[in-house]
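# Working through the structure, step by step
The primary structure of each chain is shown beneath.
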Amino acid sequence: MNLQNQLLVAMPNLEDDYFFRAVIYICEHTEQGTMGLVINQPTDLSITELVAKVNFMMKIDRTLPNEVVLAGGPVNVERGFILHTPVRKPLQHSYRITDQLSLTTSADIIETFGTTDSPEKYLVALGCAAWVPGQLEQEISRNDWLVVPADEVILFDTPYEERWLAAQKLLGFESYNLASKAGRA
């Protein structure tokens, strides 16, 4: 099962406070483990504030989006992860997930925000979610997560508080129709 470029949608019965109603975009799924970003947990830090901190409060002569930084997961919370559409110039630490999506961890992408070199769409997260080999597959078999094909509208355009239900609707149902236990026939 290849989970890269998929969304994980937390089942209503998932009893983990951090991942309650979480939607996670899977950036990497290999034999070494799995890494993803929670895409529906905003922080109180704006991208504008983050850029100001990165630039050590220097004057910024560009307009930045009014978006907030997301809490991408409980691992590496001091590190920034930017999921974005293609850019014109190469970036220092960028990992191509698909032809349309990359993950960048270097600050050089932040310097493009508000310029013509900026990606058309992006989200900024502090921290990530990570699983050791086999762990996520076990959680899926326990009925903790639904797996849904990634959708750019949910990733970048759907309001954060609507992403959990929107991801479920990709499969044709909503959470009130979900059972807390998997059945056997």
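By the naming in an unreviewed UniProt entry, the protein chain is UPF0301 protein P7M15_09340, taken from Exercitatus varius. Of the protein chain, the UniProt comment under Sequence similarities (unreviewed entry) reads exactly: "Belongs to the UPF0301 (AlgH) family."

Between side chains of opposite charge, a pair can form as their charged atoms come close. Inspection of the entire model under this criterion finds 5 salt bridges. Asp 99 is paired through a salt bridge with Arg 96; the nearest N and O atoms lie 2.0 Å apart. Assessed through its relative accessible area of 55%, Asp 99 is described here as exposed. Its relative accessible area of 57% is what places Arg 96 among the exposed residues.

Turning our attention to the side chain of Glu 139. For Glu 139, the position within the fold is in helix α2 (residues 135-141). At 3.1 Å, the side chain of Glu 139 and the side chain of Trp 131 are in polar contact.

A few words now on the packing of aromatic side chains. Two descriptors summarise a pair of aromatic rings, namely the distance from one centre to the other and the angle between the planes of the rings. Under the counting rule described, the total for this entry stands at 4 aromatic pairs. Taken together, a centroid distance of 4.1 Å and an interplanar angle of 10 degrees make the contact between Phe 113 and Tyr 122 stacked. We note that Phe 113, like Tyr 122, is buried. On the numbers, 6.5 Å between centres and 85 degrees between planes, the contact of Trp 131 with Trp 145 is edge-to-face. With a gap of 14 residues between them, Trp 131 in strand β9 (residues 122-131) and Trp 145 in strand β10 (residues 145-149) connect regions that are remote in the sequence. This pair shows no difference in class: Trp 131 is buried, exactly as Trp 145 is. One aromatic cluster in this structure is built from Tyr 18, Phe 19, Trp 131 and Trp 145.

This brings us to the side chain of Thr 112. Along the chain, the position of Thr 112 falls in the loop between β8 (102-104) and β9. Sequence-distant contacts of Thr 112, that is, excluding residues within four places in its chain, are made with Arg 62, Asp 117, Ser 118 and Pro 119.

A separate point is the environment of Gln 92. Summarising the element assignment, Gln 92 is placed in the loop between β6 (75-84) and β7 (94-96). Residues Gln 92 and Ala 107 lie 15 residues apart in sequence; the distance between their C-alpha atoms is 8.5 Å.

This part covers the nonpolar core. Counting 41 residues, the largest nonpolar core has Leu 7, Ile 24, Tyr 25, Leu 37 and Trp 145 as the members making the most contacts within it. Residues contacting Trp 145, with those up to four places away along its chain left out, are Leu 8, Val 9, Ala 10, Met 11, Leu 14, Phe 19, Ala 22, Ile 24, Trp 131, Leu 136, Glu 139 and Ile 140. The next biggest cluster of nonpolar side chains, apart from the first, holds 13 residues, and it includes Leu 45, Phe 113, Tyr 122 and Val 124.

Relative to the assigned elements, Ile 24 resides in strand β2 (residues 23-30). Put simply, Ile 24 and Ile 39 are 15 residues apart on the chain and 5.7 Å apart in space, counted from C-alpha to C-alpha. For Ile 24, the residues in contact, after removing those within four places along its chain, are Gln 6, Leu 7, Leu 8, Phe 19, Gly 36, Leu 37, Val 38, Ala 129, Trp 131 and Trp 145.

Here is what the cut-offs are and how they apply
- Residues numbered from 1 in each chain as written.
- Predicted model: local features only at pLDDT ≥ 70, side-chain atom pairs only at ≥ 80, totals over all residues.
- Heavy atoms only, no water.
- UniProt positions renumbered as here; feature names shortened; annotations may be inferred.
- Salt bridge = Lys/Arg side-chain N within 4 Å of Asp/Glu carboxyl O.
- Buried < 20%, exposed > 50% of the residue type's maximum accessible area, 1.4 Å probe, protein only.
- Helix = DSSP H or I, 4+ residues; strand = E, 2+ residues; numbered from the N terminus.
- Polar contact = N/O pair within 3.5 Å; in protein donor to acceptor, adjacent residues only side chain to side chain.
- Phe/Tyr/Trp six-rings, centres within 6.5 Å; stacked < 30°, edge-to-face > 60°.
- Contact = heavy atoms within 4.5 Å.
- Core = buried A, V, L, I, M, F, W, Y, C linked by side-chain atoms within 4.5 Å.

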